[in-house]
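Listed below are the residues making up each chain.
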Amino acid sequence: TTPGFAGGGGGVGDPYKHLGRKIIAYLRPKAIPLLYDRSVNSPLTAKLNVYQNFLMAAVKTHCYVAATTPRRPGRRSDEKTGKNAKKNNGPGPGPSAARVCAALAEGIAYMERATCSRASGKGKKARRRARAVARTHVRFLGLSAFLVTFSRKKTRHAGTVAALRAALATPEMRACARRLAPVLEDPRNDVFGEIRF
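The rules behind the values
- By convention here, each chain's residues receive numbers from 1 onward along its written sequence.
- Only residues with pLDDT of at least 70 are given local features in this predicted model, and only at 80 or more are side-chain atom pairs given and counted; all residues enter the totals for whole chains, interfaces and linings.
- Processing note: side-chain calculations cover all non-hydrogen atoms of the structure and skip hydrogens and water entirely.
- A run of H or I in DSSP becomes a helix once it reaches four residues, and a run of E becomes a strand once it reaches two; helices and strands are each numbered from the N terminus.
- Think of it in three bands: with a 1.4 Å probe and only protein chains considered, a residue is buried below 20% of the maximum accessible area for its type, exposed above 50%, and partly exposed in between.
- By definition in these notes, contact holds between two residues if any of their heavy atoms fall within 4.5 Å.
- In this description, accessible areas are obtained by the Shrake-Rupley approach with a 1.4 Å probe, and a residue is regarded as covered only by the protein chains that are shown.
- Note that patches include only residues with greater than 30% relative accessible area and no salt bridge, and the join distances are 9 Å for like charges and 5 Å for nonpolar side chains (Val, Leu, Ile, Met, Phe, Trp, Tyr).
- Every case where a carboxyl oxygen of Asp or Glu lies within 4 Å of a side-chain nitrogen of Lys or Arg is listed as a salt bridge.
- Interaxial angles span 0 to 180 degrees and are taken between N-to-C directions of axes, which are lines fitted to C-alpha atoms, for helices over the stretch in contact.
- For classification, angles of less than 35 degrees are called roughly parallel, those exceeding 145 degrees roughly antiparallel, those between 65 and 115 degrees roughly perpendicular, and all remaining angles oblique.
- Here is the rule for handedness: rotate from the far helix to the near one, and if that takes an anticlockwise turn smaller than a right angle the crossing is left-handed, while a clockwise turn gives right-handed.
- Any residue outside Ala, Val, Leu, Ile, Met, Phe, Trp, Tyr, Cys, Pro, Asp, Glu, Lys and Arg is labelled polar, Gly included; the first ten of those are nonpolar and the last four are charged.

**A closer look at the overall build of the protein**
- Each helix and strand counted, the protein has 10 helices and zero strands in total.
- Reading the secondary structure of the protein in the N-to-C direction produces α-α-α-α-α-α-α-α-α-α.
- The burial tally for the protein puts 41% of its 197 residues in the buried class.
- The contacts in the protein between residues at least 6 apart in sequence include a share of 76% that link residues at least 24 apart.
- Within the structure as shown, the protein displays about 11,300 Å² of accessible surface, and the carbon and sulfur contribution to it stands at 54%.

This is the structure we're talking about:
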């Protein structure tokens, strides 16, 4: 991804104002009910589809942030001067960790709705039966996918990585980690590690 390629939002206002909508847009193509329908998918496959959808959305989110983050002043001249100028070659200021986490929360809420198919009956019992993936599992998979992806670019996302780790350190999320370990460790996820961004 070329840093600052999109001009840091110059002339279009705050490029991160609707970051949550961006994440939802990245999730929407793979948010079709068929991918989470237990009549055609095993519970593991349904959860794997959720996790991989978040993984791809995380890659796209990083690319968007990188493309809209302005370069630090003097970056081009620094690249010509050599070793003494490397300290100024890092990315410029991007969205805060709180802002990214708030946007991710919007994406998680969207996926919670997407993984809940229409109930044939009425009442809470019918709605529980219609839920393909538990809400806490959707949240855990979303946080984990963004942590795995953003950890590959720690310099740019250091604050967000720390916030995601803290969110995953709660007792509820630790319990999910034990139950969902087969999803995160599934070899079908390896292809995402080959994506260069």
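**Structural notes on a nonpolar patch on the surface**
- A contiguous nonpolar surface patch, about 280 Å² in accessible area, is contributed by Ile32, Leu34 and Val40.
- Within the secondary structure layout, Ile32 lies in the loop between α1 (19-27) and α2 (43-68).

**Overview of the packing of α1 against helix α4 (residues 97-114)**
- One can describe the packing of α1 onto α4 by two numbers: an axis separation of 8 Å at closest approach and a directional angle of 40°. Taken together, the axis directions place α1 and α4 in an arrangement best described as oblique. α1 and α4 meet at a crossing whose hand is right-handed. Facing Leu19, Gly20, Arg21, Ile23, Ile24 and Leu27 of α1, the residues of α4 in contact are Val100, Ala103, Leu104, Glu106, Gly107, Tyr110 and Met111.
- Each residue belonging to the contact of α1 with α4 can be placed in one class, and the counts come to nine nonpolar, two polar and two charged.

**A look at the side chain of Lys47**
- Its location among the elements puts Lys47 in helix α2.
- Leaving out residues up to four positions away in the same chain, Lys47 has contacts with Val133, His137, Leu141, Leu180 and Val183.

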